[in-house]
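Structure assessment
The lines below spell out each chain.
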Amino acid sequence: MMSQKELSFNARAIHVGSKPDPTTGAHVAPVYRTSTFVMKNADEAILAGYGDRENVYAYTRYGNPTVHAVQEKIASLENAEACLVAASGMGAITTALLAVLSAGDHLVAADTIYGGTHGFIKKILPRFGIEATMVPTIGESVENIKKFIKGNTKVIYIETPCNPILGVTDIKRAAEIAHERGALLFIDNTFATPYLQQPLSLGADIVLHSTTKYLNGHGDVLGGAIVGNKKLIHSMDNDFLKWMGGIMSPSDAATLSKGIKTLGVRMDVHCANARKIAEFLDNHDMVEKVLYPGLRSHPGYDIAKKQMRNFGGMMSFNIRGGFEAGRMLIDNVNLISLATSLGNVDSLIQHSASMSHASMTKEERAAVGIAEGQVRLSVGIEEAEELISDLDQALLHVKKKLKM
Ligand SMILES: Cc1ncc(COP(=O)(O)O)c(C=O)c1O
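This is a predicted model, so every value here is computed, not measured.

In the region of the ligand, 14 residues are neighbours, and Gly-89, Met-90, Asp-188, Ser-210 and Thr-212 sit closest. Asp-188 places a polar side-chain atom, nitrogen or oxygen, 2.6 Å from a nitrogen atom of the ligand. The separation between an oxygen atom of the ligand and a polar side-chain atom of Ser-210 is 2.8 Å. Alone, the ligand offers 390 Å² of accessible surface; in the complex the protein occludes 93% of this. No other element matches the three residues that helix α4 (residues 89–100) contributes to the shell around the ligand. Grouping the amino acids of the shell around the ligand by side-chain chemistry returns four nonpolar, seven polar and three charged.

The following block contains the structure:
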């Protein structure tokens, strides 16, 4: 095969880590659905016991060929040296943070991030003596980060585009600021995927994914990934995840590998559909504001254009009528599913204040721009016109019911 560097994104998504089975020639290698591995002899058992020798397997929590294959695939797509997968996106995020932070360390995190990550940083980290400061990092406020870095700041944590308001942070600038002060830059790249944005090439140290979302794309498994240089990933694996135990199962790794093969083609349709829907919503009298970085009016448009290949399939919009109108809208779509995930082939809609960001207080949400009538839409790969028609009839329903 050609070297990985010569292959297109789609060819890497399909071929890297997806080799035929050497013993039978099966085109799609079997899933190594096993908890343990039989050693050839006592010498091999000693080697494998350390759990970090390539191709010498001892026990699936220490390593498994199907899991290693998907790690190889994701690392290739992010142009990274290494990848470590975990049981969920939160499993990856908590592993990465706890593996590098110790009691007495400080973290600067963006204030607008996935609600679960927000909860972990605010509620769990302090119990282990890790202090966090949550600050705005979107647009020009990226310069803010400098003000909050202290002598013991080890990690800067951002998400771009961020959940749920689609704010955009300049990755290159955030990396410069972090590195000037000896901190590591962690980025949750779930919304963009490696097809649209490769943060390591812009200076980030660690990239995180909820592979539950676009990477798998079909909504049938949970998973998470940590991507970065070999040394960091190896230590997160050997010195942390192996002992914590939240690994990805071989069955889920196989499902994920299959999903990733079509990531590029799916993302092209997600992006094209999202652009049409954002333009439709932007002109709708029931919509106050559309948050989609692909609209020229979006404050993050220029940075997104610079650091992303396209603008993605996620958007939020503020509906007139607030909390009640937002909930009424999600209750009245037909083709689009009322569900709190994202990145699936099918379109999903949710009300952020009462669903994904319910763990934040109303005041915390308001402070970061999550309006009470804000609805988040994960645009699927159905036809844009049928999605628009579904949204149109639901918006009309709300308008009539609330006599607006
Ligand atoms: C941006 C982002 N990061 C991380 C997560 C957590 O992923 P998981 O649900 O796979 O644990 C989510 C979940 O919605 C998310 O949207």
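More follows now that the structure is in view.
A separate point is the sheet that holds strand β10 (residues 337–338). Strands sit in the order β8-β9-β12-β11-β10 across an open sheet of five strands; the sheet is mixed. The sheet is open, and its two edges are formed by β8 (287–291) and β10, each paired on a single side. As paired strands, β10 and strand β11 (residues 348–351) are joined by two bridges and run parallel to one another. Its bridge partner being in β11, Ser-337 is matched across the sheet by Leu-348.

With that settled, the discussion passes to the packing of aromatic side chains. This structure, assessed with the given rule, holds five aromatic pairs. Ring centres of Tyr-59 and Tyr-62 lie 6.1 Å apart, and the angle between their planes is 80°; this geometry places the pair in the edge-to-face category. For Tyr-59, a relative accessible area of 36% puts it in the partly exposed group. Centre to centre, the rings of Tyr-301 and Phe-311 are 5.4 Å apart; their planes meet at 20°, and the pair counts as stacked. Of this pair, Tyr-301 sits in helix α12 (residues 301–307) while Phe-311 sits in the loop between α12 and β9 (314–319), and the two are 10 residues apart along the sequence. Overall, Tyr-301 belongs to the buried group, its relative accessible area being 8%. Cluster of aromatic residues (ring-pair linked, three or more members): Tyr-59, Tyr-62 and Trp-243. In this structure, Arg-309 packs its charged tip against the face of Tyr-195, placed 3.8 Å from the ring centre.

Conventions and cut-offs
Residues numbered from 1 in each chain as written. Predicted model: local features only at pLDDT ≥ 70, side-chain atom pairs only at ≥ 80, totals over all residues. Heavy atoms only, no water. Near = heavy atom within 4 Å. Polar contact = N/O pair within 3.5 Å; in protein donor to acceptor, adjacent residues only side chain to side chain. Areas by Shrake-Rupley, 256 points an atom, 1.4 Å probe, with all protein chains shown as cover. Helix = DSSP H or I, 4+ residues; strand = E, 2+ residues; numbered from the N terminus. Nonpolar A, V, L, I, M, F, W, Y, C, P; charged D, E, K, R; others polar. Pairing = 2+ DSSP bridges. Phe/Tyr/Trp six-rings, centres within 6.5 Å; stacked < 30°, edge-to-face > 60°. Buried < 20%, exposed > 50% of the residue type's maximum accessible area, 1.4 Å probe, protein only. Lys NZ or Arg CZ within 6 Å of the ring centre and 35° of its normal.

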